[in-house]
Amino acid sequence: MHERLSTEAILKSVQTHKQQLDLFADAKLDLAERVLRAYEHKSPWVNRLILGDSLVVMNSLVKYEALGSQVQCIYVDPPYGVKFGSNFQPFIRKRDVRHNDDVDLTREPEMVQAYRDTWELGLHSYLTYLRDRFLLCRELLAPSGSIFVQISDENLHHVRELLDEIFSAENFCAVIPFVKTSGQTSELPSSVGDYLLWYAKDKERIKYRQLYVEKEAGGEGGINYTQVELPDGKRRAMTKEEREKPQLLPNGSKIFSYSPLTSSSGGANSRFPVKLAGKSFQPSKEFWKTNEAGIQKLIEAGRIAEVGALIKYVRYFSDFPVMPLANYWYDTSAGGYSGEKFYVVQTNTKVVERCLLMTTDPGDLVLDPTCGSGTTAYVAEQWGRRWITIDTSRVPLALARQRLLTATFPYYELRDEKSGVSGGFEYERQRNKKGDEVGGIVPHITLKSIANDEPPEEEVLVDRPNEAKSIVRVSGTFVVEATIPTPADFETDGAGDSRASSPEEFQSHIERMLEALRRSPVLRLPNNQSVTFKNVRQPAKTLSLNAEAEIVTKTIEDLGEEADKQKSLEMKAGPLAAFVFGPENGAVSEQMVFQAAREAYAKSYQHLYVIGFAAEDAATKLIQNCEAVVGIPATYVAATMDLQMADLLKTTRASQIFSVTGAPEIKLRKIDKKSSEGEKLYQVQLLGMDVFDAVTMENTHRRGDDVPAWLLDTDYNEMAFCVSQAFFPRTAAWDNLKRELRGVYADSVWEHLAGTTSEPFVAGEHKQIAVKVIDDRGNELLVVKKLSEADSV
């Protein structure tokens, strides 16, 4: 577990910005506690956002966490085809992604490896990738569970064959086409939708909740309602204009249709003459749908009318103003998308919402192994479901974290407060001033209920629970987790990277890195400094080191006149530096750094350089404190992923491929004020950070107010980052909460949460803080400081 986040906890930290309003409510609770709530699931459950390969994560969920047969619904939105660039969004604040553009290609090692694994053999690799994950999905699904796979028409047939093989054709439930975008000009018909493939773990035991959509007079579900009963009781056919615009009808008019009053089967008591308006009617071959007493009840209720030579049943539009949701979803176009779009391939929430509501109940567990912008997690949170979502890329995880942390939801009343959300929501019948049914329980008036003089049956609309309008709901506590980086050492215990099939591949990686270092022996340091190496080579005998080189020193001889111009620069070889290269497809681990540093210290190297494509937090911290812990100074050097992507890029730069990226620059200070308990208060300011641009190959300095997000843990325990304060500079991330809590917090709180200075806080048990900064590519940079290092104000 890397982080623990709670919107409630973050807002409670900004105590000084609360509005103190006197409302008629519990005096023991302040205003925020009265109007701000989150659903809590039974301990020890906490919702989970996981960074890692979904295959590895789902294996862990099955094998080590006993979640087999525990997931009620799985929603999978895999890459639709075999284009690399357009399947992933590499930047947090940039959604326009173009295929075959070097600038828009992700530089994450895990993502590049995932691409190679998935598309190395084209469609064969793609289907193998899906098959392996679908097999694990089957293991995770509960006996009554369902899986939905979103796919385009390009590979719909292949993916359905795959699901037939894994889940069995007998457990196929439906193909659901849904509208996604408006049409675009094309030589052939435009593709405006995608498809959902729905399979059950066991169709005989499937959990299914019928959903309903409102009928539309003159539109979907209401086309056959072409008659009108005027306020004076007269009945006639609607004009063409009235059918197209029912609002043209006089107030109090009732739209209806004529329905057959006979059926092809019945008993002896279902064939008899019926008298209406002085005429007698009797079916010739068919049977009445009810007995004589029932027919009389229908006549008394005005539900039988003469239509030509027949009598028919009068069915009012308002008898049942909704209709069952079918397997074609025409109302899910992105054009009607009401929320902010976070991700380049983001799914409309309505699509995911329907899948979850059809197949789960509050408290059920939902899994999405293809997180994207976190839509499944967002919808699951909204409807009180537990959730786990997984992604290989840091960008969607960063977007999902922000989306969940700053979201607001309706507060649905719980049926039983003691049971919590797993006890379900409260539903009741409600009508608006016009008499329309707007509640979660809708009566279903039928011919049978009128004929038998029975109260109509009632249908529960699961998407309309009672709302407590006075309460603003935020996301419950969730954690950010990650899989352990795979090791690069093939000679330790044989448990090396499963994706690197042989030691020969590892050696090839080392040779490529050595050659790159020889061609680019200058490392760019922060503050426009650099260091140059000479005679880069592999050590003669080594256990953990991959290279050594002489550090070049510069001596300057003053030649006298015009000193700025007349100087002679002489390069001399100096002491030796040691190098260790991180894994090809993962992050540098703490153990790798420790073993390399210990050997480098023992062999009297002057400095250790750790070169990698990514580094885990513990490894970064050890590198920063390496001289104190092991006895030798160390520096982390970021290698651009262009080294591993020569076959994917149109152009590859041969220089400036290594860069040293500095830790976030922060200022920790002790302030004059004290807490209400008389404790010392501290404050953190984010000054900025050095960022390496993998495309321009340059280090740039970012001010603190020009980063996508930064997080503060005021009592860092070195095990998990517990977010006590969260800041999203230069974004509108908090706008939803600002709008909903306008009377609870002053406007200054939202400016504060988009700023660079923390709220004052007291010292925690561990006497140290941690700041995590998220850059535009979703990378996380961590800096840890002890409170004893704080400056005084």
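What you are looking at is a predicted structure, and each value in this text was computed from that prediction instead of being measured.

The rules we used
- Residues numbered from 1 in each chain as written.
- Predicted model: local features only at pLDDT ≥ 70, side-chain atom pairs only at ≥ 80, totals over all residues.
- Heavy atoms only, no water.
- Phe/Tyr/Trp six-rings, centres within 6.5 Å; stacked < 30°, edge-to-face > 60°.
- Helix = DSSP H or I, 4+ residues; strand = E, 2+ residues; numbered from the N terminus.
- Buried < 20%, exposed > 50% of the residue type's maximum accessible area, 1.4 Å probe, protein only.
- 1 Å grid on protein atoms, 1.4 Å probe; cavity = no way out; pocket = protein on both sides within 12 Å on 5 of 7 lines; lining within 4 Å.
- Points joined across faces, edges and corners; volume = space filled by probe spheres on them.
- Nonpolar A, V, L, I, M, F, W, Y, C, P; charged D, E, K, R; others polar.
- Pairing = 2+ DSSP bridges.
- Axes fitted to C-alpha atoms, helices over the stretch in contact; angles between N-to-C directions.
- pLDDT = per-residue confidence, 0-100.
- Contact = heavy atoms within 4.5 Å.
- Core = buried A, V, L, I, M, F, W, Y, C linked by side-chain atoms within 4.5 Å.
- Left-handed = near helix turned anticlockwise from the far one by under 90°.
- Polar contact = N/O pair within 3.5 Å; in protein donor to acceptor, adjacent residues only side chain to side chain.
- Salt bridge = Lys/Arg side-chain N within 4 Å of Asp/Glu carboxyl O.
- Expected span 1.5 Å × (residues − 1).
- Arc of directions from axis to C-beta.
- Patch = residues over 30% accessible without salt bridge, like charges linked within 9 Å, V, L, I, M, F, W, Y side chains within 5 Å.
- Areas by Shrake-Rupley, 256 points an atom, 1.4 Å probe, with all protein chains shown as cover.
- Lys, Arg positive; Asp, Glu negative; His and termini not counted.
- Charge placed at Lys NZ, Arg CZ, Asp CG, Glu CD.

## Points about the packing of aromatic side chains
Thinking step 1. All told, the structure shown has 22 aromatic pairs when counted by the stated rule.
Thinking step 2. Ring geometry for Tyr-39 versus Tyr-411: centroids 5.3 Å apart, planes at 50°, classification tilted. Highlighted residues: Tyr-39 in the loop between strand 2 (36–37) and strand 3 (47–51) and Tyr-411 in strand 21 (residues 408–412), separated in sequence by 372 residues. Taken individually, Tyr-39 and Tyr-411 each receive the classification buried, so the pair is uniform in this respect.

## Considering the layout of surface pockets
Thinking step 1. Taken as a whole, the second largest pocket holds about 1100 Å³ of empty space.
Thinking step 2. If you go around the second largest pocket, you meet 29 residues; those closest to its centre are Ser-253, Phe-317, Ser-318, Lys-434 and Asp-436.
Thinking step 3. By residue class, the composition of the lining of the second largest pocket is eleven nonpolar, six polar and twelve charged.

## Section: the sheet that holds strand 41 (residues 780–786)
Note: strands within a sheet are paired through backbone hydrogen bonds, in either parallel or antiparallel orientation.
Thinking step 1. Reading across the sheet, the four strands line up as 38-36-40-41 and stay open at both edges, with antiparallel pairing between neighbours. Of all the strands in the sheet, the pair left with one neighbour each is strand 38 (725–727) and strand 41. If you compare each strand with its neighbour and ignore which way they point, the axes differ by 15° on average.

## Considerations on the confidence of the model for the chain
Thinking step 1. Counting all residues, the mean pLDDT for the chain is 80, and 77% of those residues have values of 70 or more.
Thinking step 2. In this model residues 17–32 is a low-confidence stretch, pLDDT under 50, and it forms 27 contacts with partners more than four residues away in sequence or in other chains.
Thinking step 3. Counting interchain partners and residues more than four positions distant, the pLDDT-below-50 stretch residues 486–501 has 22 contacts.

## So, the side chain of Thr-756
Thinking step 1. With respect to the element layout, Thr-756 can be found in the loop between helix 18 (747–752) and strand 39 (761–762).
Thinking step 2. Residue classification places Thr-756 among the buried residues on the basis of a relative accessible area of 18%.
Thinking step 3. For Thr-756, the residues in contact, after removing those within four places along its chain, are Val-684, Gln-685, Leu-686, Gly-704, Asp-705 and Trp-710.

## So, the pairing of strand 5 (residues 141–151)
Thinking step 1. The element strand 5 is extensively covered by neighbouring structure, given that ten of its eleven residues are classed as buried.
Thinking step 2. Sheet topology places strand 4 (residues 71–76) next to strand 5; five bridges connect them, and they run parallel. Its bridge partner lying in strand 5, Cys-73 is registered against Ser-146.
Thinking step 3. Bridge analysis of strand 5 against strand 7 (residues 193–200) gives six bridges, and the strand direction is antiparallel. Across the sheet, Gln-150 pairs through a bridge with Leu-196, a residue of strand 7.

## A closer look at unusual backbone geometry
Thinking step 1. Phi angles above zero are rare outside glycine, and Ser-168 is one such case at about 80°.
Thinking step 2. With respect to the helices, strands and loops of the structure, Ser-168 is situated in the loop between helix 6 (156–167) and strand 6 (172–179).
Thinking step 3. A positive phi angle is found at Lys-767, which is not glycine, with a value near 60°.
Thinking step 4. By relative accessible area, Lys-767 is classed as partly exposed at 48%.

## A closer look at the nonpolar core
Thinking step 1. Trp-329, Val-684, Trp-710, Ile-769 and Val-771 are the most contacted members of the largest nonpolar core, which has 88 residues in total.
Thinking step 2. For this core, the leading source of residues is helix 9 (residues 349–359), giving six residues.
Thinking step 3. Val-76, Cys-137, Leu-140 and Ile-166 belong to the second largest nonpolar core, which has 35 residues in total.

## As for the packing of helix 5 (residues 123–140) against helix 6
The description of two packed helices rests on the angle between their axes and on the distance between the axes.
Thinking step 1. For the pair helix 5 and helix 6, interaxial distance at closest approach is 10 Å and the crossing angle is 35°. In this structure, the crossing between helix 5 and helix 6 has a hand that is right-handed. Residue-level inspection shows Leu-123, Leu-127, Leu-130, Arg-131, Phe-134, Leu-135, Cys-137 and Arg-138 of helix 5 in contact with helix 6, the latter providing His-158, Val-159, Leu-162, Leu-163, Ile-166 and Phe-167.
Thinking step 2. By residue class, the composition of the contact of helix 5 with helix 6 is eleven nonpolar, one polar and two charged.

## Brief notes about the side chain of Thr-359
Thinking step 1. Tracing the backbone shows Thr-359 in helix 9.
Thinking step 2. A residue is classified by how much of its surface remains accessible, and Thr-359, at 0% relative accessible area, is buried.
Thinking step 3. Side-chain polar atoms of Thr-359 contact the backbone oxygen of Cys-355, separated by 2.8 Å.
Thinking step 4. With residues up to four places along the chain from it excluded, the contact list for Thr-359 reads Gln-72, Cys-73, Ser-146, Phe-148, Trp-198 and Lys-207.

## Some points on the pattern of salt bridges
Thinking step 1. The tally for this structure, following the rule as stated, stands at 25 salt bridges.
Thinking step 2. Salt bridges here are not isolated pairs; linked through shared partners, they connect Lys-207, Arg-209, Asp-361 and Asp-364.

## Observations concerning the environment of Asp-791
Thinking step 1. Inspection of the secondary structure assignment puts Asp-791 in strand 42 (residues 791–792).
Thinking step 2. On the basis of relative accessibility, which here comes to 40%, the residue Asp-791 falls in the partly exposed class.
Thinking step 3. The sequence separation of Asp-791 and Tyr-682 amounts to 109 residues, and the corresponding C-alpha distance is 9.4 Å.

## Remarks on the sheet that holds strand 11 (residues 254–259)
Thinking step 1. Pairing in this open sheet of five strands is antiparallel, and the strands run 10-9-11-17-16 from one edge to the other. Strand pairing shows two members of the sheet lacking a second neighbour, strand 10 (235–237) and strand 16 (304–307), which therefore form its edges. On average, adjacent strands in this sheet sit at an angle of 40° to one another, irrespective of strand direction.
Thinking step 2. Two elements, strand 9 (residues 227–229) and strand 11, share three bridges in a ladder whose sense is antiparallel. For Gln-227, the partnering residue across the bridge sits in strand 11 and is Phe-256.

## As for helix 6
Thinking step 1. A rise of 1.5 Å per residue sets the reference length of helix 6, with its twelve residues, at 16 Å; its end C-alpha atoms lie 16 Å apart and thus fit the reference within 8%.
Thinking step 2. For helix 6, the complete set of buried residues consists of Leu-156, Val-159, Leu-162, Leu-163, Ile-166 and Phe-167. Down the axis of helix 6, the sector holding all buried residues measures 130°, keeping them to one side. In helix 6, the exposed positions that point more than 90 degrees away from the buried face belong to Glu-161 and Glu-165.
Thinking step 3. In this structure, the buried side of helix 6 is in contact with helix 5, strand 5 and strand 7.

## Some thoughts on a negative patch on the surface
Thinking step 1. Where like charges cluster on the molecular surface, the negative patch consists of Glu-413, Asp-416, Glu-417 and Glu-428.
Thinking step 2. Mapped onto the fold, Asp-416 is located in the loop between strand 21 and strand 22 (441–444).
Thinking step 3. Overall, Asp-416 belongs to the partly exposed group, its relative accessible area being 32%.

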